[in-house]
Amino acid sequence: MAQKNSQWVPVDALTPKPVLVTGQKPAVNGLTSSWGLQYQVNDNTAYNVDPTDPKYANTTNVLFATDKDGQPMPAQKADGGIDFKEAKEKQDLDGYFKLVTWPVTTNDDGTQCKPTASTPEVTTKIYDPQQDDLVGITDDMSTAQKNTNLDAGWVIDTAFYKYDVPRPDDPTITNIQNNADGSLNASGSVYTGKLDPVVSGECTPSKDDTHPNTVTLFGEDPGNPFKEGQSKSSDDLVKSSDSWGFRLGEAVCKVDPKSKQGGSWQIQDTNKQYPSPDPGNKYNGYRRYHAWVTESASGFGLTSFFSNIGTAYFVSNENAPDGKLSVTVPHTKNGILPANSVVTFKGTVSPINMAWSSGGLGMTDSRLAISMKQNAASDWTPLLTTPANTFQRDAAVGTASSAADSASGLTLNLTKTAASTWSWTLTISADRFTGYNGDDETQKYTFQVKMINPLNVPSDPASINRTVDMTPTTLTLERYDIFQVAGKAYKYVNGNIRVPETKGTLVHITWPGNSSTDVAVGDQGSWQATPPEGINQGKFTAQVSSDDAESADTQSSNFRGGNESAAVSHALEFRPSTSSLPFAGGWPLSVLRILLMLILGLAGFVACLRNRQESRY
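Residues numbered from 1 in each chain as written. Predicted model: local features only at pLDDT ≥ 70, side-chain atom pairs only at ≥ 80, totals over all residues. Heavy atoms only, no water.

A. Molecular detail of the sheet that holds strand β24 (residues 462-467). Taken in spatial order, the 4 strands of this open sheet run β19-β18-β23-β24, and their pairing is antiparallel. At either margin of the open sheet sits one strand with a lone partner, and together these are β19 (381-385) and β24. This sheet shows a mean twist of 20° between the axes of neighbouring strands, independent of strand direction. Relative to β24, strand β23 (residues 444-452) runs antiparallel, the two being bridged by 6 bridges. Residue Gln448 lies in a different strand from β24, and its bridge partner there is Ser463. (Pairing = 2+ DSSP bridges. Helix = DSSP H or I, 4+ residues; strand = E, 2+ residues; numbered from the N terminus. Axes fitted to C-alpha atoms, helices over the stretch in contact; angles between N-to-C directions.)

Here's what the structure looks like:
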């Protein structure tokens, strides 16, 4: 028999079926001379010779492979030799041959040997294996049965002809366990939050179930990194054995119909196999893995070359960003919002997972995601998410950089302020804050930041609430005389809808001579003021210098100010009040009575004078 594809098969060109050899004489015990031993060997040995050769005419114990017609088999030489070259090439065998015999033992009288009372453990299988079909093998026989039959025989010799035991196929690493599917990306790496991941992949299973192929997983020793070429040359494997890595475990290559190689395997890196000074798997670090297969069918225990290299980057969940956030809102000056006005959002962040590269390996960083929400609405508006490699571990303190978001068109400016801390500033165009409808809630916004680690797991958010009011107050004048000035205060929404200014907003009035008065807006936006005593001419000016849009900052306790309206001016007019005209219902009744008495008294006085003059004549 011989090996073909590492499986034992009958040799079709020699003995496709077992050849029975008879004629041997029973062995005789108690020999006293070497001549007697030689004689017994001649009688008990089967010779692979041509029985038609006259030299062996008297030899009955002849082994010579012939076909059913008595013709020698192709690999059977006439001189009794075996043409292993012919046998190998005709059947495409591996080149490893075994010569096996199954002895049939008889007594001196030719009867079959059987167990006795003193030897009950001896079975007929030992004396006559053929009676239990334990002789020879066939192509369609199962591997298990082949092994059983071979174990029942005696291997009397082996032969090799151009025998090259093929290495088993290399395994493949396809997956390193993480929180998702764990499949290796194009660079052969995976981000995982597990320090003891299960590494798995594909392999080619053995054709002999009783001699399976075994996968061995190795984790890289940082002190002796994996070397290139270990998957190409057996010489390189031997020369660089110190760089194979730490042996982490073994697993049988199991048949798997879903696998391209026909089999699959998985081994857990328990993170307990790394000897000092290796610290084991740590967050913000990495481990590289490779594996090989060892076959057991040939008896040589050959290994494959190494698999591809799979890299696990160990990432932790991120902490919430620093809550010391600030928002600065622009305001109108003289009723107009300055050109290119922006809302400025600032903060600091200290990501745990930072980008770095070492020896051609790279790990990306966590991303900073910024969003805002109008409190009257339900949805968050994404503003910016930093791209990969924004937070560089190796960047020097003081390094300024920027990160752009193509979706929003916004740019984040960053400065590294410490080994793992960046300050950041995001400017948001004022025209992004729309939707004010006169309801104060539509001017209130929440600004939020959070970190997203390389596994796309977000941290808890940090946020700040601010009023974003960039709509100026519009003042109108309804009266402007020396007795009273008055008007209305409105905000115009969508260009033509008037919304009364918030009650309590202060209107600042500057009188002729630069004295001033502050009056509060009342119901429906109305306001009024009385000029100071003594002012009866000149121009006054009214303006809202701050509408208290934001009040005090909740985090800094500093007043941020509000919008300034356009100023309105007018000359004070002397306009007699209707209350100063007699009989117009403007004077009190007591005053009228006094005037009436004075008039009557004056009339009486005039009448008396007239009577005296007349009496003289």
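Once you've had a look at it, read on.
B. Structural detail: the pattern of salt bridges. Taken as a whole and assessed by the stated rule, the structure comprises 9 salt bridges. We note a salt bridge from Asp523 to Lys503, for which the minimum N-O separation is 3.1 Å. Of this pair, Asp523 sits in the loop between β29 (516-520) and β30 (526-529) while Lys503 sits in the loop between β27 (497-500) and β28 (506-510), and the two are 20 residues apart along the sequence. Comparing Asp523 with Lys503 shows no difference in burial state: the two are exposed. (Salt bridge = Lys/Arg side-chain N within 4 Å of Asp/Glu carboxyl O. Buried < 20%, exposed > 50% of the residue type's maximum accessible area, 1.4 Å probe, protein only.)

C. Quick peek at helix α4 (residues 143-152). Burial in α4 covers these residues: Thr143, Lys146, Asn147, Asn149 and Leu150. Burial along α4 is one-sided: seen end-on, the buried residues are contained in an arc of 165°. (Arc of directions from axis to C-beta.)

D. Region of the structure containing the state of the cysteines. Inspection of the entire model under this criterion finds 1 disulfide. One disulfide in the model links Cys203 with Cys253; its S-S distance is 2.0 Å. Disulfide Cys203-Cys253: the torsion about the S-S bond is 105°, which places it as right-handed. Linking Cys203 in strand β7 (residues 198-203) with Cys253 in the loop between β9 (246-252) and β10 (254-255), this pair joins segments that are 50 residues apart in sequence. In terms of burial, Cys203 and Cys253 fall into one category: buried. (Disulfide = S-S within 2.5 Å.)

E. Region of interest: the sheet that holds strand β5 (residues 172-176). The antiparallel open sheet is built from 4 strands, whose spatial order is β5-β7-β11-β10. Whereas interior strands pair on both sides, the edge strands pair on one side only; in this sheet they are β5 and β10. Where β5 lies against β7, 4 bridges are found, and the strand directions are antiparallel. Bridge pairing links Ile173 to Gly201 in β7.

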